[in-house]
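# What the coordinates show
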Protein chains: 2
Amino acid sequence: MAKELKELTKRSDNYSQWYNDLVIKADLAEQSAVRGCMVIKPYGYAIWEKMQHQLDSMFKETGHVNAYFPLLIPKSFLSREADHVEGFAKECAVVTHYRLKNDPNGNGVVVDPAARLEEELIIRPTSETIIWNTYKNWIHSYRDLPILCNQWANVMRWEMRTRMFLRTAEFLWQEGHTAHTTKEEALEEAVKMLNVYADFAEKYMAVPVIKGVKSANERFAGAIETFTIEAMMQDGKALQSGTSHFLGQNFAKAFDVKFINKENQLEYVWATSWGVSTRLMGALIMTHSDDNGLVLPPNLAPIQVVIVPIFKSDEQLQQINEVVNPIVDELKSMGISVKYDNADNKRPGFKFAEYELKGVPVRLAIGARDIENGTIEIMRRDTLEKSIGQLQGIASHVKELLKEIQNNIFQKALNHRESMTTTVDTYDEFKVQIEKGGFILAHWDGTPETEEKIKEETKATIRCIPLDGDKTPGKCMVTGKHSAQRVIFARNY
Amino acid sequence: MAKELKELTKRSDNYSQWYNDLVIKADLAEQSAVRGCMVIKPYGYAIWEKMQHQLDSMFKETGHVNAYFPLLIPKSFLSREADHVEGFAKECAVVTHYRLKNDPNGNGVVVDPAARLEEELIIRPTSETIIWNTYKNWIHSYRDLPILCNQWANVMRWEMRTRMFLRTAEFLWQEGHTAHTTKEEALEEAVKMLNVYADFAEKYMAVPVIKGVKSANERFAGAIETFTIEAMMQDGKALQSGTSHFLGQNFAKAFDVKFINKENQLEYVWATSWGVSTRLMGALIMTHSDDNGLVLPPNLAPIQVVIVPIFKSDEQLQQINEVVNPIVDELKSMGISVKYDNADNKRPGFKFAEYELKGVPVRLAIGARDIENGTIEIMRRDTLEKSIGQLQGIASHVKELLKEIQNNIFQKALNHRESMTTTVDTYDEFKVQIEKGGFILAHWDGTPETEEKIKEETKATIRCIPLDGDKTPGKCMVTGKHSAQRVIFARNY
């Protein structure tokens, strides 16, 4: 699609506007005609597909299978688990009718009042209820367990303030729902999937994350314990990037799902659920990108290498094609996704700007002079550094460079997080520090009241109680009461 | 999941009941708590995933990219194209509210009347309207064309009579939506995708199909021309298995989508759309399966080969494991999906029945005696024939056998279709023949009135006007008027 490459807002001028500009200008997504719902454009979807494929293979390696459950949930199901309905009722899209008819006044179509549903149906905001109602029929004995199902699906939460990828009324996600014979096994599963998410974030997205447990205030509605991975964006705000819930027997009790154990006794089944969504796209964009556009980790870039010829005549182009085609083949044979953009209706400078905007990790440029010299220009997107390489062995060089870029952007994000993580001991210090952004490690007395007070006064929430790191107890910065360990506070998306 | 393997209803006793039994007993799908919506169980979903992967790669090879458009469509969009709204209004699920609240009488949650949408939203029955409303912003000049997008999504059509996979209120599908500068290019695209569908059906599903054009009565609501692939089930009924529509400029006009052509003039854009759905699962099941259960084509079977050890002691099992493990490795290295079921809590006979029910193409069984003799028992699911093979070279033998089974079940289905296709010249003959089932090639005068009369009197519809084969003109069997060529009549799903 021909489009003008206008300048992005600079991050330092307006971080939020920079993000919105980038999502639009890099052709990732756009607002649709339906409030709060986005269109994921082909380039954005290609990145999401790469995420999906990788996650799906990691789920399968850990013994999970995919299935599909209905989009619509009977309203009464939501009410079965008290916390769950409390958490989701306010943002449910409700189907009340199943037919339209011609407007008797001739104005298009209207809802047919005769086609009212006996019980309203909710578009799933998450599927615990419909799935546990289904599992009831699948589970009779311990031999039927564990059940390790995942589904890739769309869900809907009627958010009042939406932002593309970060918070949209409809979003795409995967939701795992597992059923177990024991508490220990369910807890182990919840932690296992947290680790899968953390591995994915760090190794594929190049986004460093902190693994932790949510406080009661931030827990999933219906969970006993919510595990989370928290990432830090460039503006120092936190982004919750994936959660894994230990649901205890809450949903088994709500839907009366029992199994006969090895001792021939009836017990309620233990559960987990876990999910990541297109929100990960937001994390990816906000962690690495710069004022020139997207910066994509090579492991998730739809195009890893672009090659642009610099030519003044068809003859020159012909000559360059002959040199480049074997390089393209060699890169492909190495499993590297490469695009040779030899279209003659755009100038090289325009192409350079476009691929920078789209975050292609490595750009190669080659002209007639290069061919004489046996050289090629190499630009790496992460640092924007240009260098001259040898044509001989360029494919292997690019392969190494892609690895280096993957490591470099992870390390850069990690350094950034570390530089913006502080330890504070007093609430006064905290109030000063929180204005600077970043993660704050502070002591907290463990009560929802104190957490709520801090949130009201500083807009900071507890992102998580970290699983790793310093576990030294102390005194709450607000109340002076006992604190089991420092927790991470931040403002968040 | 432990479950009793009960006998299926026999096809000859009740074909329809056989189908329903099979879907349930082979663990493919089940009815959900929501009327007309099914749960696709892991085994069924694994087959659908294999279909998706193959189709997706065929779409990409033909230049298409994936994207994602909103689930919900503003009601007014549907009305923009007159035929389209006429076709879909009667089966639309309508979202009218976006919030629930606690019932003031304490009975769970109720719809919050204060959260009524200004304009109702429809759960997409298909996405032409929302997509063409989006394309309006993407298309300005001929340089923006063609657009070749596909989306994998769920859709909803509130059907009154539902059957798992064949006709469900919610189903999964893909829908391609393309935009072109010329009529010729759009028509070429529609035919290209018809051919992709036909190739997929025949080479992967092993389901022979007839490519053709729909009569006006059976055309997609909003299309100028609908191309279809039609398959014949074992009971002689037709199943429409995929459609590709040439939409002309209908949606471009409805959504005012114009482009500047090379002559600098504004023109409406030309469109196609094309889709296949989880209905293909129904076609797959009903084409090949038998009274023992599923018969799956090797190209789509989640498990292509199962190996069952026959043992009386742990020592024997140990010995068998040592022989089988390298065979498993060799099969896997050939890209063959293999399961070695050496669980000791089920008898071999139980396992045999289970894998037969689930349609695993090849079963190998091996006992202590076999190891002495260097042999292995081979059972092919399509013919249920058992033979004794040599352990030496068994992997290569299995690989060949899988190809043979793939070809054999296609040929069997083709023979069946041919044996149940008749040519008739009079309406009296037709009425007799249609009771026997199958496809009937007959002359028709090309009018909707005659087609309607035939449908009312015989329940047969025109499945398609075949693109290939005999094009000799003749006289309509009902009216005696001119007929351009024979068309295919059948009763259908």
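Cut-offs and rules
Residues numbered from 1 in each chain as written. Chains lettered and ligands numbered in written order. Predicted model: local features only at pLDDT ≥ 70, side-chain atom pairs only at ≥ 80, totals over all residues. Helix = DSSP H or I, 4+ residues; strand = E, 2+ residues; numbered from the N terminus. Rg over C-alpha atoms; globule rule 2.2 N^0.38 Å. Buried ≥ 20, exposed ≤ 12 C-beta atoms within 10 Å, placed from the backbone. Contact = placed C-beta atoms within 7 Å. Core = buried A, V, L, I, M, F, W, Y, C linked by C-beta atoms within 7 Å. Pairing = 2+ DSSP bridges. Axes fitted to C-alpha atoms, helices over the stretch in contact; angles between N-to-C directions. Parallel < 35°, antiparallel > 145°, perpendicular 65-115°, else oblique. Left-handed = near helix turned anticlockwise from the far one by under 90°. Domains from an automatic or database assignment. Nonpolar A, V, L, I, M, F, W, Y, C, P; charged D, E, K, R; others polar. Expected span 1.5 Å × (residues − 1). Bend = angle between axes of the 7 residues up to and from the residue. Least-squares fit on C-alpha atoms with pLDDT ≥ 70 in both. pLDDT = per-residue confidence, 0-100.

### Observations regarding the overall build of chain A
A count of helices and strands for chain A gives 14 helices and 27 strands. Taking 2.2 N^0.38 as the reference for a compact globule, 493 residues should give roughly 23 Å; the C-alpha atoms of chain A span a radius of gyration of 26 Å, in line with that estimate. For chain A, the spread of C-alpha atoms along the principal axes amounts to about 80 × 70 × 55 Å. For chain A, buried positions account for 48% of its 493 residues. Residue pairs in contact within chain A that sit at least 24 positions apart in sequence constitute 68% of those at least 6 positions apart.

### Regarding the nonpolar core
Residues Met205(A) and Met205(B) are the most contacted members of the largest nonpolar core, which totals 288 residues. Leave out the neighbours within four places in its chain, and Met205(A) touches Phe200(A), Leu280(A), Ala283(A), Leu284(A), Pro297(A) and Leu300(A).

### Considering the sheet that holds strand β8 (residues 116-123) of chain A
Pairing is antiparallel across the open sheet formed by 6 strands, whose spatial order is β4(A)-β8(A)-β5(A)-β5(B)-β8(B)-β4(B). Either end of the sheet is taken by a strand with one partner, and the two such strands are β4 (72-74) of chain A together with β4 (72-74) of chain B. Taking each pair of neighbouring strands and ignoring which way they run, the sheet shows an average axis angle of 45 degrees. Examined bridge by bridge, strand β5 (residues 94-97) of chain A and β8(A) share 3 bridges and lie antiparallel to one another. Paired with Val94(A) across the two strands is Ile122(A), which belongs to β8(A).

### Details of the interface of chain B and chain A
Across the boundary between the two partners, chain B contributes 57 residues, which contact 59 residues of chain A. For β5(A) and strand β5 (residues 94-97) of chain B, the ladder comprises 3 bridges, and the chain directions are antiparallel. Among the inter-strand pairings, Val94(A) is bridged to a residue of β5(B), identified as His97(B).

### Topic: the packing of helix α9 (residues 314-333) of chain A against helix α12 (residues 394-419) of chain A
Residues and elements named next belong to chain A. Packing of α9 against α12 brings their axes to within 9 Å, and their N-to-C directions diverge by 45 degrees. Relative to α12, the element α9 is oriented oblique. α9 and α12 meet at a crossing whose hand is right-handed. Contact residues: α9 offers Ile327, Glu330 and Leu331, while α12 offers Ile394, Ala395 and Val398.

### Observations regarding the domain arrangement of chain A
Residues and elements named next belong to chain A. The domain boundaries assigned to chain A delineate domain 1 (26-72 + 125-288), domain 2 (298-416) and domain 3 (421-490). For domain 1 and domain 2, the distance between their C-alpha centroids amounts to 37 Å. Opposite the 15 residues of domain 1 that make contact, domain 2 presents 12 residues. Residue assignment for the side of domain 1 that touches domain 2 shows that the elements contributing at least two residues are α2 (42-61) and α8 (279-288). Per element, the largest residue contribution to the side of domain 1 that touches domain 2 is 5 residues, and it comes from α2. Each residue belonging to the side of domain 1 that touches domain 2 can be placed in one class, and the counts come to 10 nonpolar, 3 polar and 2 charged.

### Concerning the sheet that holds strand β19 (residues 362-367) of chain A
Residues and elements named next belong to chain A. Taken together, the 5 strands give an open sheet; going across it, the order is β18-β17-β19-β20-β21, and neighbouring strands pair in mixed fashion. Every other strand in the sheet has two partners, leaving β18 (338-340) and β21 (386-390) as the edge strands with one partner each. The mean inter-strand angle of the sheet, taken between neighbouring strand axes irrespective of direction, is 25 degrees. With 3 bridges connecting them, strand β17 (residues 305-310) and β18 associate as parallel partners. Paired with valine 306 across the bridge in β18 is lysine 339. Against the sheet, α9 touches β17, β18 and β19, its axis set at about 170 degrees to β17. The strands touched by helix α10 (residues 348-357) within the sheet are β17 and β19, with β17 carrying the most contacts at an inclination of about 170 degrees.

### Some points on the environment of Asn321(B)
Relative to the assigned elements, Asn321(B) resides in helix α9 (residues 314-333). The spacing of Asn321(B) and Ile366(B) is 45 residues in sequence and 10.0 Å in space, taken between C-alpha atoms.

### Comments concerning α9(B)
All names here are of chain B. Here α9 contains 20 residues, and its C-alpha end-to-end distance of 28 Å stays within 8% of the 28 Å for a straight helix at 1.5 Å per residue. The sharpest bend along α9 reaches about 30 degrees and sits at glutamate 322, with the proline proline 326 one to four residues further on. Considered for burial, the residues of α9 that qualify are Ile320, Val324, Ile327 and Leu331. Summarising the contacts, the buried residues of α9 are in contact with β17 (305-310), β18 (338-340), β19 (362-367), α11 (368-373) and α12 (394-419). Immediately downstream of α9, the backbone of glycine 335 shows phi near 80 degrees, a positive value.

### A word on the pairing of strand β12 (residues 225-232) of chain B
All names here are of chain B. Here β12 lies mainly inside the structure; 7 of its 8 residues are buried. Pairing of strand β11 (residues 210-213) with β12 involves 4 bridges; the strand directions are antiparallel. If you follow isoleucine 210 over to β12, its bridge partner there is glutamate 230. Where β12 meets strand β13 (residues 238-248), 8 bridges bridge the pair, whose relative direction is antiparallel. When the bridges of β13 are listed, glutamate 225 appears paired with phenylalanine 246.

### Section: the environment of Ile131(B)
Residue and element names in this part refer to chain B. By secondary structure assignment, the location of isoleucine 131 is in helix α5 (residues 128-138). Between the C-alpha atoms of isoleucine 131 and lysine 253, which are 122 residues apart in sequence, the distance is 13 Å. Once residues lying within four places of it in the same chain are set aside, the contact partners of isoleucine 131 are Phe69 and His177.

### Side note on the relation of the copies chain B and chain A
For the pair chain B and chain A, the best superposition has an RMSD of 0.0 Å and corresponds to a rotation of 180 degrees with a translation of 0.0 Å parallel to the axis. The transformation just described matches what one would write down for a two-fold rotation axis. Nearest to the rotation axis, the C-alpha of Val95(B) is located 2.1 Å from it, this being the minimum over chain B. Comparing interface residues between copies, 100% of those in chain B also lie at the interface in chain A; the contact surface is shared.

### Examining unusual backbone geometry
Residues and elements named next belong to chain A. In this chain, leucine 145 is followed by proline 146 through a cis amide linkage whose omega measures -5 degrees. Along the chain, the position of proline 146 falls in the loop between α5 (128-138) and β9 (147-156). Here the phi dihedral of asparagine 264 falls at roughly 70 degrees; this positive angle occurs in a residue that is not glycine. For leucine 384, which is not glycine, the phi torsion reads 60 degrees and is therefore positive. According to the C-beta neighbour criterion, leucine 384 is exposed, with 11 such atoms within 10 Å.

### Points about helix α1 (residues 15-25) of chain B
Residues and elements named next belong to chain B. Residues of α1 that are buried: Trp18, Tyr19, Leu22, Val23 and Lys25. Residues of α1 that are buried in the fold lie against β1 (29-31), α8 (279-288) and α10 (348-357). Trailing α1 by a residue or two, aspartate 27 shows a phi angle of about 60 degrees, which is positive.

### As for the confidence of the model for chain A
Per-chain confidence: chain A averages 96 in pLDDT, with 99% of residues scoring 70 or above. For this predicted complex, the interface confidence score (ipTM) comes to 0.96, while the overall pTM stands at 0.96.

### Considerations on the pairing of β19(B)
Residue and element names in this part refer to chain B. Buried residues dominate β19, accounting for 5 of its 6 residues. With 6 bridges joining them, β17 and β19 adopt parallel strand pairing. Bridge pairing in β19 places isoleucine 310 opposite glycine 367. Two elements, β19 and strand β20 (residues 375-380), share 4 bridges in a ladder whose sense is antiparallel.

### Points about the environment of Tyr19(B)
All names here are of chain B. Turning to its location among the elements, tyrosine 19 is positioned in helix α1. Sequence separation between tyrosine 19 and isoleucine 285 is 266 residues, and the spatial gap between their C-alpha atoms is 7.8 Å. Those residues in contact with tyrosine 19 that lie beyond four places of it in its chain are Ile285 and Met286.

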